[in-house]
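Spelled out from the first residue to the last, the chains are:
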2 protein chains.
Amino acid sequence: MSGPLVGRLAIIGAGLIGSSVARAAKEKGLAGTVVVSDRDAAVRARVLELGFADEVPETGAQAAEGADIIVVCVPVGASGAVAAEIAPALKPGAIVSDVGSVKGAVVEQMAPHIPAHAHLVPAHPVAGTEFSGPDAGFATLFENRWCIVTPTEGADSEAVAKLEGLWRGMGANVETMSPQHHDLVLAITSHVPHLIAYNIVGTAEHLEHTLTSEVIKFSAGGFRDFTRIAASDPTMWRDVFLYNREAVLEMLGRFTEDLSALQRAIRYGDGDALFEHFTRTRAIRRSIIEQGQETAAPDFGRRVVKDGTAG
Amino acid sequence: MSGPLVGRLAIIGAGLIGSSVARAAKEKGLAGTVVVSDRDAAVRARVLELGFADEVPETGAQAAEGADIIVVCVPVGASGAVAAEIAPALKPGAIVSDVGSVKGAVVEQMAPHIPAHAHLVPAHPVAGTEFSGPDAGFATLFENRWCIVTPTEGADSEAVAKLEGLWRGMGANVETMSPQHHDLVLAITSHVPHLIAYNIVGTAEHLEHTLTSEVIKFSAGGFRDFTRIAASDPTMWRDVFLYNREAVLEMLGRFTEDLSALQRAIRYGDGDALFEHFTRTRAIRRSIIEQGQETAAPDFGRRVVKDGTAG
Ligand SMILES: NC(=O)c1ccc[n+]([C@@H]2O[C@H](COP(=O)([O-])OP(=O)(O)OC[C@H]3O[C@@H](n4cnc5c(N)ncnc54)[C@H](OP(=O)(O)O)[C@@H]3O)[C@@H](O)[C@H]2O)c1
Ligand SMILES: NC(=O)c1ccc[n+]([C@@H]2O[C@H](COP(=O)([O-])OP(=O)(O)OC[C@H]3O[C@@H](n4cnc5c(N)ncnc54)[C@H](OP(=O)(O)O)[C@@H]3O)[C@@H](O)[C@H]2O)c1
């Protein structure tokens with residue numbers, strides 16, 4: 001067959017996502033050359049050590065020079081500045097993309113900087129872990145996960161198809177929608193869940209000191225599940241909430257309304273309302289498992305990890 | 001050494017917890033005879049098939065007859081009726097215990113039925129999964145987990161020590177506290193987390209139909225973590241909220257106050273407040289992992305389960 005899908009692939013920001021893209025592209029031979037840049041010299045040194053990049057230039061502009069696809073992998077609030085930095089280096093036909101968890105604001109920030117001879121095709125892989133940095137990434141992160149591509153109006157269809165091909169090559173399933181719809185869907189599937197996880201962990205932390213230590217001790221009753229996503233990177237999540245404000249406030253409003261109804265059922269001892277609510281919610285998990293987006297093993301299969309037995 | 005810890009151990013209710021107690025006791029040789037009863041004939045037949053009980057009588061009273069320790073493993077709201085049923089069958093010195101997730105209400109319901117010649121020693125193993133029934137249990141469920149024993153005032157110290165020995169024998173660490181304090185700690189570590197998980201899954205379900213199907217599709221962004229605990233048994237959880245009302249409403253009040261503060265920070269774009277909050281919450285997870293109550297593997301180690309690789 002012909003050569004790799006992408007001649008020169010540049011990744012800007014060697015964090016969890018950037019380093020996973022680089023690893024996946026390298027492992028699957030998707031690019032002739034994988035270029036990774038990071039603003040931090042120590043991270044660049046580490047990238048060289050880890051060996052998932054062919055070149056590790058100092059600046060984003062150097063990485064973008066001559067690249068066919070540039071994937072910007074930095075917190076949402078930094079994407080405008082990175083776009084401004086790389087813009088002068090973009091060659092004709094270059095595709096600029098990103099992986100940000102918010103899409104409307106990313107388009108607003110990046111689009112004004114992209115020259116007419118290049119293409120902006122924003123995307124968001126719905127995959128991640130609670131860890132950060134170049135050591136946290138792995139090549140299989142995107143396998144059987146969704147990548148949402150959010151082309152802007154009038155986007156070049158060949159450029160969109162090329163970027164979709166890159167994500168499919170990394171094992172992802174691709175879905176297309178508008179940046180605005182993406183932000184609404186992610187507000188309920190990701191942003192509000194993170195907010196309430198951060199919140200309950202915060203509430204536990206505000207308790208008197210002895211009670212907080214008991215929370216840690218007895219966390220296996222459910223609380224520990226929330227601490228996982230509340231351990232995610234604070235900069236990334238600050239930016240998500242600052243840049244997806246409208247949709248998050250909308251979904252949070254629905255959440256608190258519903259919570260008031262449950263609270264009321266508890267206060268007035270309405271067992272039937274509670275039972276009915278707790279029964280309906282089981283169907284959603286079944287669907288998620290059926291669609292291959294979750295493990296059916298009890299307790300996420302944690303015991304397999306800890307004890308080496310299936311319990 | 002001498003014989004097993006308990007001569008005759010009776011378990012009433014062969015669900016997740018009851019069947020795990022029976023399996024653990026049998027596997028570790030903690031009892032001379034393990035007797036399991038369940039109100040449902042089909043479940044009793046299944047218990048016989050699964051082979052973790054020496055005797056499977058039809059009624060709780062028959063199981064309690066001659067037993068040294070009786071562990072009642074039914075939903076909190078059913079514990080009073082079970083206590084009333086078994087009371088006439090209790091031999092002198094018999095220890096009646098339970099595993100209910102609420103302790104104040106269980107004491108209120110059970111204590112009036114226990115005759116003076118027997119001992120009530122309530123307990124709650126802080127361990128479980130989202131599954132139910134006799135097939136869901138396993139012998140290692142309690143290993144390295146806490147079991148909270150909540151003796152009532154003036155409890156017989158020998159009886160308490162004996163029950164603690166049984167839980168230690170099953171691999172649990174034992175902690176003692178008052179029923180009231182237990183209910184407060186569990187409200188924040190388990191009951192409110194379950195309530196908000198049930199709630200956000202409910203909110204997602206109330207969205208327009210197409211949006212709900214997108215929630216399922218893109219649940220890997222965080223939402224799916226919540227669906228696990230929102231798939232737990234509705235009867236059990238209805239009873240938890242009905243019988244731990246005061247403490248749950250108290251902790252829920254704190255949660256919603258804190259959530260309002262985060263909501264306000266989002267509305268007014270206070271990135272520093274968000275960043276500061278998201279930074280503090282990471283320490284709690286570290287402590288939970290250090291204390292051996294959680295796996296440090298990314299994403300709960302889900303990938304190990306699904307793909308057979310550590311990712
Ligand atoms: N984590 C997830 O679960 C997940 C999932 C899907 C999408 N995303 C999105 O992926 C993007 C990156 O997240 P991540 O998880 O990979 O984070 P990460 O591991 O913390 O990496 C962030 C990267 O961005 C760089 N960076 C931070 N601020 C910058 C700035 N002002 N200018 C230039 N570079 C900057 C960092 O450089 P240093 O080396 O100097 O720190 C690092 O390379 C975010 O937009 C996030 O929304 C994350
Ligand atoms: N699941 C957890 O994570 C967990 C953790 C710690 C403690 N607990 C506590 O353990 C107890 C049992 O929970 P589980 O998870 O084992 O639930 P489960 O798997 O649903 O089993 C419940 C058992 O209770 C029986 N039962 C239900 N209603 C009854 C009634 N009115 N009269 C007599 N028996 C009745 C059931 O009988 P059938 O066979 O007829 O259904 C079944 O044997 C609850 O008090 C719960 O709070 C649960």
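Residues numbered from 1 in each chain as written. Chains lettered and ligands numbered in written order. Predicted model: local features only at pLDDT ≥ 70, side-chain atom pairs only at ≥ 80, totals over all residues. Heavy atoms only, no water.

Draft legend 1. Geometry of the interface of chain A and chain B. Tallying the contact residues gives 114 residues for chain A and 114 residues for chain B. Carbon and sulfur atoms supply 66% of the area that chain A and chain B bury against each other, a total of about 11000 Å² over both sides. The largest per-residue losses of area from chain A upon contact with chain B belong to Phe218(A), Ile266(A) and Phe278(A), which jointly make up 7% of the total buried on that side. With a shortest N-O distance of 2.6 Å, Arg280(B) and Glu205(A) are connected by a salt bridge. Here chain A is connected to chain B by 40 residue pairs in polar contact (both at pLDDT 80 or more). Top contributing element to the side of chain A that touches chain B by residue count: helix H7 (residues 179-206) of chain A, with 21 residues. Classifying every residue of the side of chain A that touches chain B by side-chain character gives 54 nonpolar, 34 polar and 26 charged. (Contact = heavy atoms within 4.5 Å. Buried area = accessible area lost by both parts, 1.4 Å probe. Salt bridge = Lys/Arg side-chain N within 4 Å of Asp/Glu carboxyl O. Polar contact = N/O pair within 3.5 Å; in protein donor to acceptor, adjacent residues only side chain to side chain. Helix = DSSP H or I, 4+ residues; strand = E, 2+ residues; numbered from the N terminus. Nonpolar A, V, L, I, M, F, W, Y, C, P; charged D, E, K, R; others polar.)

Draft legend 2. Summary view of the site of ligand 2. All names here are of chain B. The environment of ligand 2 is made up of 26 residues, and the closest members are Leu16, Asp38, Arg39, Val74 and Ser101. In this structure, Ile17 approaches ligand 2 through a main-chain N or O atom, which is 2.8 Å from an oxygen atom. In the complex, the protein chains occlude 82% of the 900 Å² of accessible area that ligand 2 would expose alone. (Near = heavy atom within 4 Å. Areas by Shrake-Rupley, 256 points an atom, 1.4 Å probe, with all protein chains shown as cover.)

Draft legend 3. Inspection of the environment of Met177(A) at higher detail. Here Met177(A) shows up in the loop between strand E8 (173-176) and H7. The contacts of Met177(A), once residues within four sequence positions are left out, are Ile148(A), Val149(A), Thr150(A), Pro151(A), His182(A), Glu214(B) and Phe218(B).

Draft legend 4. Representation of the domain arrangement of chain A within the structure. All names here are of chain A. Assigned domains of chain A: these are domain 1 (6-177) and domain 2 (181-299). When each unit is reduced to the centre of its C-alpha atoms, the spacing between domain 1 and domain 2 is 30 Å. Domain 1 puts 20 residues into the contact, and the matching count from domain 2 is 18 residues. Interface area for domain 1 against domain 2, summed over the two sides, is near 1500 Å², with a carbon-plus-sulfur share of 58%. Taken together, the connections running from domain 1 to domain 2 amount to one salt bridge. Note that Glu130 and Arg228 form a salt bridge whose closest N and O atoms lie 2.8 Å from each other. For the interface between domain 1 and domain 2, the tally reads ten residue pairs in polar contact (both at pLDDT 80 or more). Mapped onto the side of domain 1 that touches domain 2, the elements with two or more residues apiece are helix H5 (104-110) and strand E7 (146-149). (Domains from an automatic or database assignment.)

Draft legend 5. Region of interest: the packing of helix H12 (residues 271-280) of chain A against helix H7 (residues 179-206) of chain B. For the pair H12(A) and H7(B), interaxial distance at closest approach is 9 Å and the crossing angle is 70°. Relative to H7(B), the element H12(A) lies roughly perpendicular. Judged by the sense of rotation from one axis to the other, the crossing of H12(A) with H7(B) is left-handed. Residue-level contacts link His277(A), Phe278(A) and Arg280(A) of H12(A) to Leu195(B), Tyr198(B), Asn199(B), Gly202(B), Glu205(B) and His206(B) of H7(B). Here the residues of the contact of H12(A) with H7(B) are counted per class, giving three nonpolar, four polar and two charged. (Axes fitted to C-alpha atoms, helices over the stretch in contact; angles between N-to-C directions. Parallel < 35°, antiparallel > 145°, perpendicular 65-115°, else oblique. Left-handed = near helix turned anticlockwise from the far one by under 90°.)

Draft legend 6. Looking closely at the pattern of salt bridges. Within this structure, the stated rule accounts for 44 salt bridges over all chains. The partner of Arg254(B) in a salt bridge is Glu250(B), with the nearest N and O atoms 2.9 Å apart. Placement of both Arg254(B) and Glu250(B) in helix H11 (residues 245-267) is noted, with a separation of four residues, approximately one turn of the helix. Here the salt bridges do not stand alone but share partners, grouping Glu130(A), Arg228(A), Arg285(A), Glu294(A), Arg224(B), Asp225(B), Asp299(B) and Arg302(B) into one network.

Draft legend 7. Broad picture of the pairing of strand E6 (residues 123-126) of chain B. All names here are of chain B. Along E6, one buried face is formed by Ala123 and Pro125 and the opposite face, lined by His124 and Val126, is buried too. In this sheet, strand E7 (residues 146-149) lies alongside E6 in antiparallel orientation, the contact comprising four bridges. Bridge assignment links His124 to a residue of E7, and that residue is Ile148. (Buried < 20%, exposed > 50% of the residue type's maximum accessible area, 1.4 Å probe, protein only. Pairing = 2+ DSSP bridges.)

Draft legend 8. Up close: the pairing of E8(A). Pairing of E7(A) with E8(A), which is carried by four bridges, proceeds in the parallel orientation. Residue pairing for E8(A): Cys147(A) is matched across the bridge by Val174(A).

Draft legend 9. Representation of the relation of the copies chain A and chain B. Superposing chain A onto chain B takes a rotation of 180° plus a shift of 0.0 Å along the axis, which leaves an RMSD of 0.0 Å. What the superposition gives is, in effect, a two-fold axis relating one chain to the other. Most of the interface of chain A is mirrored in chain B, where 100% of its interface residues are also at the interface. (Least-squares fit on C-alpha atoms with pLDDT ≥ 70 in both.)

Draft legend 10. Just the site of ligand 1, in detail. All names here are of chain A. By nearness alone, 26 residues border ligand 1, and Leu16, Asp38, Arg39, Val74 and Ser101 come closest of all. At 3.5 Å, a backbone N or O of Gly15 approaches an oxygen atom of ligand 1. At 2.6 Å, a side-chain N or O of Asp38 approaches an oxygen atom of ligand 1. Protein burial of ligand 1: of its 890 Å² of free accessible surface, 82% is covered by the chains. Put simply, the parts of the chain that give the shell around ligand 1 at least two residues each are helix H1 (16-27) and strand E6 (123-125). Residue classes in the shell around ligand 1 are distributed as 13 nonpolar, nine polar and four charged.

Draft legend 11. Examining the nonpolar core more closely. Membership of the largest hydrophobic core comes to 133 residues, with the highest contact counts inside it found for Ile70(A) and Ile70(B). Once residues lying within four places of it in the same chain are set aside, the contact partners of Ile70(B) are Ala10(B), Ile12(B), Ala64(B), Ile86(B), Leu90(B), Ala94(B), Ile95(B), Val96(B) and Ser97(B). Judged by nonpolar contacts, the second largest core, of 41 residues, contains Leu9(B), Ile69(B), Leu141(B) and Trp167(B). (Core = buried A, V, L, I, M, F, W, Y, C linked by side-chain atoms within 4.5 Å.)

Draft legend 12. Local environment of the sheet that holds strand E1 (residues 6-12) of chain A. Residues and elements named next belong to chain A. With parallel pairing, five strands are arranged side by side in an open sheet as E2-E1-E3-E4-E5. Lying at the two open borders of the sheet, with one neighbouring strand each, are strand E2 (31-37) and strand E5 (119-120). Inspection of the sheet shows E1 paired to strand E3 (residues 69-72) by four bridges, in the parallel sense. Counterpart to Leu9 in the pairing with E3 is Ile69. Across the face of the sheet, H1 comes into contact with E1 and E2 while running at roughly 160° to E2.

Draft legend 13. Fine view of helix H1 (residues 16-27) of chain B. Residues and elements named next belong to chain B. Its twelve residues give H1 an end-to-end C-alpha distance of 16 Å, which sits within 8% of 16 Å, the value for a rise of 1.5 Å per residue. Here H1 lies mainly inside the structure; ten of its twelve residues are buried. Of all the positions in H1, only Leu16, Ile17, Gly18, Ser19, Ser20, Val21, Ala22, Arg23, Ala24 and Ala25 are classed as buried. On its buried face, H1 is in contact with strand E1 (6-12), strand E2 (31-37), helix H2 (41-50), E6 and helix H6 (157-169). Immediately beyond the C-terminal end of H1, within one or two residues, lies Gly29, with a positive phi of roughly 60°. (Expected span 1.5 Å × (residues − 1).)

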